[in-house]
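Commentary on secondary and tertiary structure
If you want the building blocks of each chain, they are given just below.
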Amino acid sequence: DQQVKQNSPSLSVQEGRISILNCDYTNSMFDYFLWYKKYPAEGPTFLISISSIKDKNEDGRFTVFLNKSAKHLSLHIVPSQPGDSAVYFCAARGNEKLTFGTGTRLTIIP
Amino acid sequence: EPEVTQTPSHQVTQMGQEVILRCVPISNHLYFYWYRQILGQKVEFLVSFYNNEISEKSEIFDDQFSVERPDGSNFTLKIRSTKLEDSAMYFCASSEEDRGWQPQHFGDGTRLSIL
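An account of the accompanying structure is given in this report. Model, not experiment: these values are computed from the prediction.

Regarding the sheet that holds strand E7 (residues 62–67) of chain A
- Taken together, 5 strands build an open sheet; the order of strands is E1-E3-E8-E7-E6 (chain A) and the sheet is antiparallel. Two strands close off the open sheet at either side, each with one partner strand: strand E1 (4–5) and strand E6 (56–59) of chain A.

What follows is the structure in structure tokens.
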């Protein structure tokens with residue numbers, strides 16, 4: 001099942017700089033897209049979402065952009081902080097269920 | 001902040017045995033879910049539950065699996081006769097969704113190890 005893909009397994013960013021995490025999807029029927037953050041031995045923690053009818057949603061340091069024509073979304077974190085180091089999952093909602101990507105491990109370098 | 005709680009955190013079971021994983025969703029939430037993550041793989045949807053019945057299930061959720069809300073607070077996943085390939089992290093989630101779409105909130109998971 002490759003409906004949601006995160007092609008970068010890892011990303012390292014200097015503290016204070018912008019982190020950009022990317023996600024691609026194939027199913028046009030998804031109605032919401034979400035980003036979750038996951039620390040080891042914990043469950044995914046909801047960060048931010050965007051409706052399929054929007055192209056941008058912002059919450060503090062986190063902004064999600066949606067490009068429907070390209071079937072692509074991205075999460076921007078600015079400025080990046082050491083506590084942002086975690087695995088980030090992109091997820092897409094269709095018919096109540098979430099379809100997850102494989103995750104990107106973000107490491108913030110002090 | 002309210003959270004989804006799961007017990008136990010780790011369950012070790014012999015193959016062929018029944019196992020019950022327990023979850024307490026956030027109290028005012030109406031939709032409940034189970035997901036699993038096999039080591040090194042994606043988080044996969046298993047089942048959603050609303051108004052005391054299954055609303056959607058995946059092809060993984062076969063006759064060996066069942067869910068129940070035995071009282072007003074617990075939500076359980078039962079695997080009747082466990083197989084080695086059932087070894088995974090199992091995550092419970094819940095969402096509000098009584099006034100439009102709301103995100104799913106996850107528990108910290110139960111690691112199920114089948115021997």
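Describing the interface of chain B and chain A
- With 19 residues of chain B in contact, the opposing surface of chain A contributes 22 residues.
- Buried area between chain B and chain A, summed over both chains or domains, comes out near 1800 Å², and the portion from carbon and sulfur atoms is 59%.
- Our count for the chain B to chain A interface comes out at 0 salt bridges.
- Our count for the chain B to chain A interface comes out at 4 residue pairs in polar contact (both at pLDDT 80 or more).

Remarks on unusual backbone geometry
- Cis geometry marks the peptide bond from Val-78 of chain A to Pro-79 of chain A; its omega dihedral reads -10°.
- Of note, the bond from Thr-7 of chain B into Pro-8 of chain B is cis; its omega dihedral lies within 30 degrees of zero at -10°.
- Looking at the element boundaries, Pro-8 of chain B is found in the loop between strand E1 (5–7) and strand E2 (10–13).
- Residue Ala-41 of chain A is not a glycine yet carries a positive backbone phi of 65°.
- Relative to the assigned elements, Ala-41 of chain A resides in the loop between strand E4 (32–38) and strand E5 (45–51).

Criteria and cut-off values
Residues numbered from 1 in each chain as written. Chains lettered and ligands numbered in written order. Predicted model: local features only at pLDDT ≥ 70, side-chain atom pairs only at ≥ 80, totals over all residues. Heavy atoms only, no water. Pairing = 2+ DSSP bridges. Helix = DSSP H or I, 4+ residues; strand = E, 2+ residues; numbered from the N terminus. Contact = heavy atoms within 4.5 Å. Buried area = accessible area lost by both parts, 1.4 Å probe. Salt bridge = Lys/Arg side-chain N within 4 Å of Asp/Glu carboxyl O. Polar contact = N/O pair within 3.5 Å; in protein donor to acceptor, adjacent residues only side chain to side chain.

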